[in-house]
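# Overview (structure and organization)
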Amino acid sequence: MSRRKPRSTVPVSRPARQVRRSTPLPPRAKIPRPPARALPPPPPPRPEVASLIPEKETSLADVIDNLLNRGVVLNADLILALADVDLVYVRLSALLCAADRIFPPRQ
Amino acid sequence: MSHFYVLALTSRNYPSVIVDGRRIEFIKVENVFAAIERRAAPPALSETELRSQHDIVNAIFNRTDDLLPVRFGAWIDDHELSNVVSRQQPAIREALELVRGRVQMTIRFLAPPSSEREDQQAGNHPTGTEYLQRRRNAQHWMPDEATSLKVAVRDFVVAERVSPSSEGRAGSLNRAGLYHLISRDAVTAYATATLPFRTATLTVSGPWPPFAFAPDPWL
């Protein structure tokens, strides 16, 4: 088994690599550091959440749905009782909601 | 006995604020606090009053960590307020826990009228069973896009409420609502995720105070 002669990929005619010689730099002058300064306090957290819909564009549909169909109901009493006692008491006088919650759709 | 106009409930006490020229105070009721306005009569049901209350609730919401808006028209005396809050206290506390640090996003869908109306217009008369089936389907109607949209935003959604579909007057569109409760920090990411789905018949709005996540009084 013959051994292959190692071959170089560098052409023979290629000039030898020149090493750059740089002149040594003068020693660095020490730059005086500014005195330590306390960082400014971070801005207070913004309580507002990012807004998707600008305030002016709040549609009436959203306002009605939010305020008349949703939310905690505080002034509606509903009392139902069984066991031979007929106690059905619904006080809705002050309860407001959108009309389509109460009335069937008009034909 | 003094009357209050109650705008919202929250778990902590906050200093009084003046919004839209109206002074809003926080008073302790049982073990929660109510954002109230002292006034001699309830507001009239008008667009101006509705918008004013909406603005006030939004303003208070931006100052608090957890807020349950109260439905419009809650002008009640202190005794009644205590009674109602006391009766619903577990549900109120649970809802306050749920909404803490979160906001509501609202998705609305619109669709053409159901086949029921078309039948009527065409003079067809479905059987009673068909009629009831259609009514039920219409109530649970959600467009196909809703499923894809839900998948797109599922990483942000902490809780969801669905508003049954309802039909408007003749000639108008069906509408359904989907309410998502998400973290306050996730609004921008949520809005970006819903961008490809928004059309003329699918709108996304918010962030709102968690109106749809208040306890249900009928349960």
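Residues numbered from 1 in each chain as written. Chains lettered and ligands numbered in written order. Predicted model: local features only at pLDDT ≥ 70, side-chain atom pairs only at ≥ 80, totals over all residues. Heavy atoms only, no water.

Attention now moves to the overall build of chain B. A tally of regular secondary structure across chain B gives 7 helices and 10 strands. Here chain B holds 219 residues, and the buried ones make up 48% of them. Counting contacts in chain B only where the partners sit at least 6 residues apart, residues at least 24 apart contribute 76% of the total. As displayed, chain B has an accessible area near 10600 Å², and 51% of this comes from carbon and sulfur atoms. (Helix = DSSP H or I, 4+ residues; strand = E, 2+ residues; numbered from the N terminus. Buried < 20%, exposed > 50% of the residue type's maximum accessible area, 1.4 Å probe, protein only. Contact = heavy atoms within 4.5 Å. Areas by Shrake-Rupley, 256 points an atom, 1.4 Å probe, with all protein chains shown as cover.)

Moving on to the confidence of the model for chain B. Residue and element names in this part refer to chain B. Averaged over every residue, the pLDDT of chain B is 85; the share at 70 or more is 84%. Element-level mean pLDDT values for chain B span from 57 in helix 4 (residues 115-122) up to 95 in strand 4 (residues 32-38). Predicted complex, confidence summary: ipTM 0.74, pTM 0.68. (pLDDT = per-residue confidence, 0-100.)

This part covers the environment of Val162(B). Residue and element names in this part refer to chain B. For Val162, the location among the structural elements is in strand 8 (residues 157-167). For Val162, a relative accessible area of 48% corresponds to the partly exposed category. Remark: the alpha-carbon pair of Val162 and Thr106, spanning 56 residues in sequence, is separated by 10.0 Å. Setting aside anything within four residues of it in sequence, one finds Val162 in contact with Met142, Gly177 and Leu178.

Topologically, Arg71(B) is positioned in the loop between strand 5 (68-69) and strand 6 (75-77). Judged by relative accessible area, which is 11%, Arg71(B) ranks as buried. A polar side-chain atom of Arg71(B) sits 3.2 Å from the main-chain carbonyl oxygen of Arg70(A). (Polar contact = N/O pair within 3.5 Å; in protein donor to acceptor, adjacent residues only side chain to side chain.)

What follows concerns the packing of aromatic side chains. All names here are of chain B. Taken as a whole and assessed by the stated rule, the structure comprises 2 aromatic pairs over all chains. For the pair Tyr14 and Phe26, a centre-to-centre distance of 5.5 Å together with 55° between the ring planes defines the contact as tilted. Separated by 12 residues along the polypeptide, Tyr14 in the loop between strand 1 (3-10) and strand 2 (17-19) and Phe26 in strand 3 (residues 22-29) bring together distant segments of the chain. Seen in terms of ring centroids, Phe156 and Tyr190 are 6.4 Å apart; in terms of plane orientation they differ by 70°. Their pairing is edge-to-face. Of the two residues, Phe156 is situated in the loop between helix 6 (144-153) and strand 8 and Tyr190 in helix 7 (residues 187-194); the sequence distance between them amounts to 34 residues. Judged by its relative accessible area of 0%, Tyr190 is buried. Geometry around Tyr5 places Arg39 over its ring, the cationic atom sitting 5.7 Å from the centre. Above the face of the Phe61 ring, Arg184 is positioned so that its terminal group lies 4.3 Å from the ring centre. (Phe/Tyr/Trp six-rings, centres within 6.5 Å; stacked < 30°, edge-to-face > 60°. Lys NZ or Arg CZ within 6 Å of the ring centre and 35° of its normal.)

Attention shifts here to the pattern of salt bridges. Under the definition given, this model contains 11 salt bridges over all chains. Between Arg70(A) and Asp65(A) there is a salt bridge; the shortest N-O distance is 3.5 Å. As far as burial versus exposure is concerned, Arg70(A) and Asp65(A) are alike and both buried. Here Lys150(B) makes a salt bridge to Glu160(B), at a shortest N to O gap of 3.4 Å. Of the two residues, Lys150(B) sits in helix 6 while Glu160(B) sits in strand 8, which places them 10 residues apart along the sequence. Among the charged side chains, a salt-bridge network with shared partners connects Asp62(A), Asp65(A), Arg70(A) and Arg108(B). (Salt bridge = Lys/Arg side-chain N within 4 Å of Asp/Glu carboxyl O.)

Right, let's get into the nonpolar core. All names here are of chain B. Ranked by internal contacts, the top residues of the largest apolar core, which has 38 residues, are Ile24, Ile60, Ile107, Phe109, Ile182, Tyr190 and Leu202. The element that contributes the greatest number of residues to this core is helix 1 (residues 47-61), accounting for 6 residues. For Ile60, the residues in contact, after removing those within four places along its chain, are Ile24, Phe26, Ala35 and Leu67. Of all hydrophobic cores here, the second largest spans 27 residues; its members include Val6, Ala34, Ala95 and Leu96. (Core = buried A, V, L, I, M, F, W, Y, C linked by side-chain atoms within 4.5 Å.)

Before going further, it helps to spend a moment on the pairing of strand 1 of chain B. Residue and element names in this part refer to chain B. Where burial is concerned, most of strand 1 is hidden: 7 out of the 8 residues are buried. Inspection of the sheet shows strand 1 paired to strand 6 by 3 bridges, in the antiparallel sense. The partner of His3 across the bridge, within strand 6, is Asp77. Sheet topology places strand 1 next to strand 4; 6 bridges connect them, and they run antiparallel. Paired with Leu9 across the bridge in strand 4 is Ala34. (Pairing = 2+ DSSP bridges.)

Residue and element names in this part refer to chain B. The omega torsion across Gly206 and Pro207 is 0°, close enough to zero to call that bond cis. Tracing the chain through its elements places Pro207 in strand 10 (residues 202-208). Look at Glu30: it is not a glycine, yet its phi comes out positive at around 55°. Overall, the relative accessible area of 39% leaves Glu30 in the partly exposed class.

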